[in-house]
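Spelled out from the first residue to the last, the chains are:
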Amino acid sequence: MALTAYYSFAANGIADGVVAAVANIAESFRNKNEVRKTVRELQSLSNRELADLGLHRSEIRRVAMQAVYKN
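### A look at the confidence of the model for the chain
In this model, the chain carries an average pLDDT of 87, and 82% of its residues clear a pLDDT of 70 or more. Within the chain, helix H1 (residues 2–43) has the poorest average pLDDT of any element, 82, and helix H2 (residues 47–52) the best, 97.

Structure follows, in structure tokens:
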């Protein structure tokens, strides 16, 4: 009985780990897509529009990363 409970626990632990890993991968893809989208939108602005936002074109990637990852 104890052996069955141990294997059942181990199987659930592995399944939980796989579910967590898949969730992390999905979140990573969502974040990367959001960074790409933000970069694309900022790159479409003119230098004047970027300056109005207080940004230089060289800062676009950093700003996009900060916006998505809240760093």
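Having seen the model, we can carry on.
### Structural notes on helix H3 (residues 60–69)
Every buried residue of H3 is accounted for by Ile-60, Ala-64 and Val-68. For H3, the arc enclosing every buried residue in end-on projection is 60 degrees, short of the 170-degree limit, so these residues lie on one face.

### Observations concerning the nonpolar core
Formed by Val-35, Val-39, Leu-42, Leu-50, Leu-55, Ile-60, Ala-64 and Val-68, the largest nonpolar core amounts to eight residues. Elements with a contribution of two residues or more to this core: H1 and H3. Excluding residues within four positions of it along the chain, Val-35 makes contact with Arg-61, Ala-64, Met-65, Val-68 and Tyr-69.

Conventions we followed
- Sequence order sets the numbering: in each chain, residues are counted from 1 along the sequence as written.
- For this predicted model, a pLDDT threshold of at least 70 governs which residues receive local features, and a threshold of 80 or more governs which side-chain atom pairs are given and counted, while totals over whole chains, interfaces and linings are taken from all residues.
- In computing side-chain values, all of the structure's heavy atoms are included and hydrogens and water are not.
- Per residue, pLDDT captures the predictor's confidence, and it can take any value from 0 to 100.
- Strands are runs of DSSP state E lasting at least 2 residues, helices are runs of H or I lasting at least 4, and numbering of each runs from the N terminus.
- Burial classification: accessible surface area is computed with a 1.4 Å probe over protein chains only, and a residue below 20% of its type maximum counts as buried, one above 50% as exposed, and the rest as partly exposed.
- The arc under discussion is defined with respect to the helix axis, by the directions toward the C-beta atoms.
- In these notes, a set of buried Ala, Val, Leu, Ile, Met, Phe, Trp, Tyr and Cys residues joined through side-chain atoms within 4.5 Å is what counts as a nonpolar core.
- Only heavy atoms matter for contacts: two residues are in contact if any of them lie within 4.5 Å across the pair.

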